[in-house]
Amino acid sequence: LPVGTMIYDQETGEVLADLVANGESVVIAQGGRGGRGNSHFATPTNRVPTHFEHGTAGEEKHLRLELKLLADVGLVGFPNAGKSTLIAAISSARPKIADYPFTTLAPNLGVVSLGDDRSFVVADVPGLIEGAHEGHGLGTKFLSHLERTKVLAHVIDVSSATGRDPVDDFKVITRELELFEGTGDQTAAALSTKPRIVVANKIDALDEPERLKKLQKHLKKLKIPVYPVSAASGEGLPALLQAMWKAVAAAREADAEETRQA
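The notes below deal with the structure included here. (Residues numbered from 1 in each chain as written. Predicted model: local features only at pLDDT ≥ 70, side-chain atom pairs only at ≥ 80, totals over all residues. Heavy atoms only, no water.)

**Focus: a nonpolar patch on the surface**
Logical step 1: Taken together, the side chains of Leu-1, Leu-63 and Leu-65 present a nonpolar region at the surface, about 300 Å² in accessible area.
Logical step 2: Relative to the elements of secondary structure, Leu-63 occurs in strand E3 (residues 63–67).
Logical step 3: Relative accessible area serves as the criterion here: at 37%, Leu-63 is assigned to the partly exposed category. (Patch = residues over 30% accessible without salt bridge, like charges linked within 9 Å, V, L, I, M, F, W, Y side chains within 5 Å. Areas by Shrake-Rupley, 256 points an atom, 1.4 Å probe, with all protein chains shown as cover. Salt bridge = Lys/Arg side-chain N within 4 Å of Asp/Glu carboxyl O. Helix = DSSP H or I, 4+ residues; strand = E, 2+ residues; numbered from the N terminus. Buried < 20%, exposed > 50% of the residue type's maximum accessible area, 1.4 Å probe, protein only.)

**Structural notes on the pairing of strand E5 (residues 108–115)**
Logical step 1: In this sheet, strand E6 (residues 118–124) lies alongside E5 in antiparallel orientation, the contact comprising seven bridges. Counted as the bridge partner of Leu-109 is Ala-123 from E6.
Logical step 2: Joining the antiparallel neighbours E5 and E6 is a turn of two residues, in which Asp-116 adopts a positive phi near 55°. (Pairing = 2+ DSSP bridges.)

**A word on the packing of helix H3 (residues 166–179) against helix H4 (residues 209–222)**
Logical step 1: Relative orientation of the contacting elements H3 and H4 amounts to 40°, with a least axis distance of 8 Å. Here H3 lies oblique to H4, going by the angle between them. Across the interface between the two elements, Pro-166, Val-167, Phe-170 and Lys-171 from H3 touch Arg-211, Lys-214, Leu-215, His-218, Leu-219 and Leu-222 from H4.
Logical step 2: A per-class count over the contact of H3 with H4 returns six nonpolar, one polar and three charged. (Axes fitted to C-alpha atoms, helices over the stretch in contact; angles between N-to-C directions. Parallel < 35°, antiparallel > 145°, perpendicular 65-115°, else oblique. Contact = heavy atoms within 4.5 Å. Nonpolar A, V, L, I, M, F, W, Y, C, P; charged D, E, K, R; others polar.)

**Considerations on H3**
Logical step 1: The end-to-end C-alpha distance of H3 is 20 Å, a good match for the 20 Å that 14 residues give at a rise of 1.5 Å each.
Logical step 2: Along H3, the residues classified as buried are Pro-166, Val-167, Asp-169, Phe-170, Val-172, Ile-173, Thr-174, Glu-176 and Leu-177.
Logical step 3: Two or three places before Val-167, at the opening of H3, Asp-165 has a side-chain oxygen 3.0 Å from that residue's backbone nitrogen. (Expected span 1.5 Å × (residues − 1). Polar contact = N/O pair within 3.5 Å; in protein donor to acceptor, adjacent residues only side chain to side chain.)

**Quick look at unusual backbone geometry**
Logical step 1: With a phi angle near 55°, Asp-116 is a residue other than glycine that sits in the positive phi range.
Logical step 2: Considering the arrangement of structural elements, one finds Asp-116 in the loop between E5 and E6.
Logical step 3: According to the relative accessible area criterion, Asp-116 is exposed, its value standing at 71%.
Logical step 4: A positive phi angle, close to 60°, is found at Lys-223, a residue other than glycine.

**Let's talk about the sheet that holds strand E4 (residues 73–76)**
Logical step 1: The six strands lie next to each other as E5-E6-E4-E7-E8-E9, forming an open sheet whose pairing is mixed. Both edges of this open sheet fall to E5 and strand E9 (226–228), since each of them pairs with a single strand only. Averaged over all neighbouring strand pairs, the angle between strand axes comes to 25°, with direction disregarded.
Logical step 2: Two elements, strand E8 (residues 196–201) and E9, share three bridges in a ladder whose sense is parallel. Residue pairing in the sheet places Val-198 in a bridge with Val-226 of E9.
Logical step 3: Packed on one face of the sheet, helix H5 (residues 237–261) meets E4, E5, E6, strand E7 (151–157), E8 and E9 and runs near 100° to E6.

Encoded structure:
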């Protein structure tokens, strides 16, 4: 099975295994004890016996397998906020990009390399909508892929094309992250507690500068860093990537320290 697979008992919902390391193995159902075969009953006078002994039945279980992405940075936001364009701009990932909601129906992974052994994996998670934590727009399915990410990058469209207010967009997605109860993954922290940075995207189409200023003012109160960028033109991406790497490196160090203490 791929690394990142969780194995559930279909009937009880119990987590039977969580495969997070390459080469990891686990016994889910114990095989039955084998019976004695024909050769066991051979004697000097009966060299080819025809009788044998039946074995015992093994365990039988109905399972549900769930694959969760193992990424350092998870891109979240409304549909068409520019997440797919962003991951295509900063990595070798080539997701489907189009100007209509839910272009991305499955997560995409991309590796960002900054040189000097500085690299991290970014996941472009399908767009979320209000009510995602209740399953609206396949929200719970999409949110579960964020459970193992170390950092969340909230991508917000600051242009006026959506007709929505960027601050409202931030509040809606934040509430969905807070309300999502998770899937029983004991190795993952709550989404609302993960380090977060905000990506103010589409500044190349920013026709009302006040939209960006209002968002920056709101996030400053919350002490959440915001990086104005244009995923389409590349403006602002170097500073964003450095911020992502800094957050990922800090999260990795925190995980390593927790492991040492354990």
